[in-house]
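# Architecture at a glance
As a plain string of letters, each chain reads:
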Amino acid sequence: TTLGVPLTVALLVVGVLALYWRTTLSMIVIWERSETFVHGFVVLPIFFYLLWRERSALSVIEPKPCFAALFGIAAAGAVWIAGELVRAASVSQFAMIAMVPLAVWAVLGTRIAMALGIPLAFLFFAVPFGEFLIPTLIDRTADFTVVALRASGVPVYREGNFFSIPSGNWSVVEACSGLRYLIASLMVGCLYAYLSYRSLLRRSAFIVASIIVPIVANWMRAYLIVMLGHLSDNRLATGVDHLIYGWVFFGLVMMLLFWIGGRWREDEVVVQTARPASGGNSDGQALAIGQSRGKVWASAVAALVLAAIWQPLQAKLDVSGNSLPVRIAAIVGTKGWVAMPEEVSDWRPDISGARAEYRQTFAKAARRVGLHIAFYRGQTQDSKAITSSNELVHTSNKSWRLASAGTAQAETGSAPLSVRAGVVANGRVRLAVWQWYWIDGRFTSNDYTAKLYQALSVLQGHGDSAARVVVYTPTETDEPQSRAALQVFTADMLGTIDAALREAAAE
């Protein structure tokens, strides 16, 4: 029937989302609390509209289950459980959404899955994903704004993403990154390209434009807001006006994009596809239809079973209930380093959710280095070591700012350790900072490698203990004295720090 295939697809979508209701709920919670991802609420209604739109074309395609796609569902389930083990919500959410097109493919066959390829792919916009782009978008926005201001004859002093001009001080913060514009533009651009164009070239070109245009538009928006503030002695483009002007400018740019795109619109060509003739051997047709429906039901049951088996397994491996207290023993200085009562600074990294924290200052000769450890165990989505919300200095911090960021190599006597390096500043106080992760006795500064180490630790039965290790020292220019102090401290004390963290994890 005309509604048979769309109804089956809708049931598969609802079935997967209901089966993984906790993952579905985790997405909804983010949609509610974040304006960046509020578009998630309209993804499912748009998908059902696109499905209804294709009902006539789907009605003439005979369902032919593809049992090979069941392996894809199993693979997606394995990825989901990996995401759950390392508390990577976006990985679990992507894996769950991936089960939907795989289930459609398995139950209804390749032809139907291909006919619904773009609508099914549109479902991935429901995943709140992209926050990892914020630091890069902030940097590029600041780069353009500073260059454009200087080209306009305005002198600029820049430090990180903070810059000063004669009329005042400005900073590019998270809300100015343009991620909100980019995601909204990409989702609407993909939908517009699917509904307005038939050729792959035009669709691809418009989607690329929907990525580039909002990025450039956000650069221009930031520059124009600063210039408006500068030329009006900060009477315009400040406070609420900042956001209003931003959205008005973005809206005008997007209207221009769609107006230009509409000039190359391709009207849909309706192709009349004949239904199979009703004549012939009715008994043979009935038998074939019965066999086909039997395969559909068999593949549907197999798909649901394969999708369902991963949650009980994840419950057995879950270590989030580990609420035992954590104590980090006092770390004793070695190789000439001596613990000191006075702190290097009252600065603390913007890290939350740790089960235990440890701070100590060490001195050797004229060098003073602060050590800050945030230890995590029994991690949950709201309390985890590896997350973009944990930073050296958050953009919302009113006291401290991140003056520079990069990487460095620490020579530890064995394999070199790559660390995240930066300078944090508060007026005249400046600190050179190094940061890395400790995961089950392994060190890394890479988020993805740390997640892999964490998954291996859980699978090996070692738990999910992890720590963020931060060392810092006063600096004037960050180079070369401060880096030398951090280098010597890390090489001398890494083994002692590792031993203390292993002891804390074993308790």
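Structural notes, computed from the coordinates. Note that the structure is a prediction, hence the values are computed from the model and not measured.

### Examining the overall build of the protein chain
When you go through the protein chain residue by residue, the secondary structure sums to 16 helices and eleven strands. For the protein chain, with 507 residues in total, the buried portion stands at 46%. Within the protein chain, counting contacts between residues at least 6 apart in sequence, those at least 24 apart form 73% of the total. Accessible surface for the protein chain amounts to roughly 24900 Å². Of this, 63% is attributable to carbon and sulfur atoms.

### A short note on the nonpolar core
Counting 73 residues, the largest nonpolar core has Val9, Ile73, Ile112, Leu123, Leu149 and Phe163 as its most contacted members. The leading source of residues in this core is helix α6 (residues 89-108), at eleven residues. Apart from the residues within four sequence positions on either side, Ile73 is in contact with Leu102, Ala103, Ala106, Ala303, Leu306, Ala307 and Trp310. In this structure, Tyr358, Ala408, Ala485 and Ile497 belong to the second largest nonpolar core, which totals 32 residues.

### Notes on helix α9 (residues 134-151)
Here α9 contains 18 residues, and its C-alpha end-to-end distance of 26 Å stays within 8% of the 26 Å for a straight helix at 1.5 Å per residue. Those residues of α9 that fall on the buried side of the exposure criterion are Ile134, Leu137, Ile138, Thr141, Ala142, Thr145, Val146, Ala148 and Leu149. For α9, the angular spread of buried residues about the axis comes to 165°, placing them on one side. More than 90 degrees from the buried face of α9, the exposed residues found are Val147 and Ala151. Elements that come into contact with the buried residues of α9 comprise β1 (157-159), β2 (162-165), α10 (179-196) and α11 (200-231). Immediately downstream of α9, the backbone of Gly153 shows phi near 85°, a positive value.

### Notes on the environment of Leu44
Mapping Leu44 onto the fold places it in helix α3 (residues 40-53). Residue classification places Leu44 among the partly exposed positions, given a relative accessible area of 28%. Taking the C-alpha atoms as reference, Leu44 lies 9.4 Å from Phe125; in sequence the two are 81 residues apart.

### What to know about the sheet that holds β2
Strand order in the open sheet formed by three strands is β1-β2-β3, and the pairing between neighbours is antiparallel. One side of each edge strand has no neighbouring strand; the edge strands of this open sheet are β1 and β3 (168-171). Within the sheet, the average angular offset between the axes of one strand and its neighbour, ignoring direction, is 20°. Of the pairings in the sheet, the one linking β2 to β3 comprises four bridges and is antiparallel in character. Across the sheet, the residue bridging to Ile165 is Gly168, located in β3.

### Here we look at a nonpolar patch on the surface
Residues Val208, Ile211, Ile212 and Val216 make up a contiguous nonpolar surface patch of roughly 300 Å² in combined accessible area. Looking at the element boundaries, Val208 is found in helix α11. What makes Val208 partly exposed here is its relative accessible area of 45%.

### Quick look at the packing of aromatic side chains
Scanning the model with the defined rule gives 17 aromatic pairs in all. Clustering of aromatic rings is evident, with ring pairs tying together Phe94, Phe124, Phe129 and Phe132.

### Some thoughts on α6
With 20 residues, α6 should cover 28 Å at 1.5 Å per step; its first-to-last C-alpha distance of 29 Å lies within 8% of that length. Within α6, 16 of the 20 residues are buried, which leaves the element mostly enclosed by the surrounding structure. Looking one or two places after α6, you find Gly109, whose phi comes out positive at around 105°.

### Thoughts on the packing of helix α1 (residues 4-19) against α6
The interhelical angle for the contact between α1 and α6, taken along N-to-C directions, is 145°, at an axis separation of 9 Å. Where α1 crosses over α6, the handedness of that crossing is right-handed. Of the residues in α6, those touching α1 at Val5, Thr8, Val9, Leu12, Val13, Val16 and Leu17 are Met96, Ile97, Met99, Val100, Ala103, Val104, Val107 and Leu108. Split by residue class, the contact of α1 with α6 holds 14 nonpolar, one polar and no charged.

### What to know about the pairing of strand β11 (residues 466-474)
Burial of β11 is extensive: eight of the nine residues sit out of reach of the surface. Relative to β11, strand β6 (residues 367-376) runs antiparallel, the two sharing seven bridges. Bridge pairing in β11 links Ala374 to Arg468. By the bridge criterion, nine bridges tie strand β9 (residues 429-439) to β11 in an arrangement that is antiparallel. Residue Gln435 lies in a different strand from β11, and its bridge partner there is Val470.

### Overview of unusual backbone geometry
The phi angle at Lys335 is positive, at roughly 50°, despite the residue not being glycine. By the secondary structure assignment, Lys335 is in the loop between α14 (310-317) and β4 (338-340). Here the phi dihedral of Asp440 falls at roughly 50°; this positive angle occurs in a residue that is not glycine. Position of Asp440 among the secondary structure elements: in the loop between β9 and β10 (442-444).

### Overview of the environment of Leu102
With respect to the element layout, Leu102 can be found in helix α6. Not counting residues within four places of it along the chain, the set of residues in contact with Leu102 comprises Ala69, Gly72, Ile73 and Ala76.

### Overview of the packing of α3 against α10
Contact geometry of α3 with α10 gives a least axis separation of 13 Å together with a crossing angle of 5°. As the angle between them shows, α3 and α10 are arranged roughly parallel. On α10, the residues touching Val42, Val43, Ile46, Leu50 and Arg53 of α3 are Met187, Leu191, Tyr194 and Leu195. Broken down by class, the residue content of the contact of α3 with α10 amounts to eight nonpolar, no polar and one charged.

### A short note on the side chain of Gln314
With respect to the element layout, Gln314 can be found in helix α14. Of the residues examined, Gln314 reaches a relative accessible area of 11% and is grouped as buried. In contact with Gln314, not counting residues within four places along its chain, are Trp80, Ile81, Glu84 and Arg87.

### Points about the pairing of β2
Residues Phe163 and Ile165 line the buried face of β2, whereas the alternating positions Phe162 and Ser164 sit on a face that is not buried. Both β1 and β2 contribute to a ladder of three bridges, which runs antiparallel. The residue bridging Tyr157 from the neighbouring strand is Ser164, located in β2. Counting the residues between successive antiparallel strands, the hairpin from β1 to β2 contains two residues, one of them, Gly160, with a positive phi of roughly 65°.

Rules used throughout
Residues numbered from 1 in each chain as written. Predicted model: local features only at pLDDT ≥ 70, side-chain atom pairs only at ≥ 80, totals over all residues. Heavy atoms only, no water. Helix = DSSP H or I, 4+ residues; strand = E, 2+ residues; numbered from the N terminus. Buried < 20%, exposed > 50% of the residue type's maximum accessible area, 1.4 Å probe, protein only. Contact = heavy atoms within 4.5 Å. Areas by Shrake-Rupley, 256 points an atom, 1.4 Å probe, with all protein chains shown as cover. Core = buried A, V, L, I, M, F, W, Y, C linked by side-chain atoms within 4.5 Å. Expected span 1.5 Å × (residues − 1). Arc of directions from axis to C-beta. Pairing = 2+ DSSP bridges. Axes fitted to C-alpha atoms, helices over the stretch in contact; angles between N-to-C directions. Patch = residues over 30% accessible without salt bridge, like charges linked within 9 Å, V, L, I, M, F, W, Y side chains within 5 Å. Salt bridge = Lys/Arg side-chain N within 4 Å of Asp/Glu carboxyl O. Phe/Tyr/Trp six-rings, centres within 6.5 Å; stacked < 30°, edge-to-face > 60°. Left-handed = near helix turned anticlockwise from the far one by under 90°. Nonpolar A, V, L, I, M, F, W, Y, C, P; charged D, E, K, R; others polar. Parallel < 35°, antiparallel > 145°, perpendicular 65-115°, else oblique.

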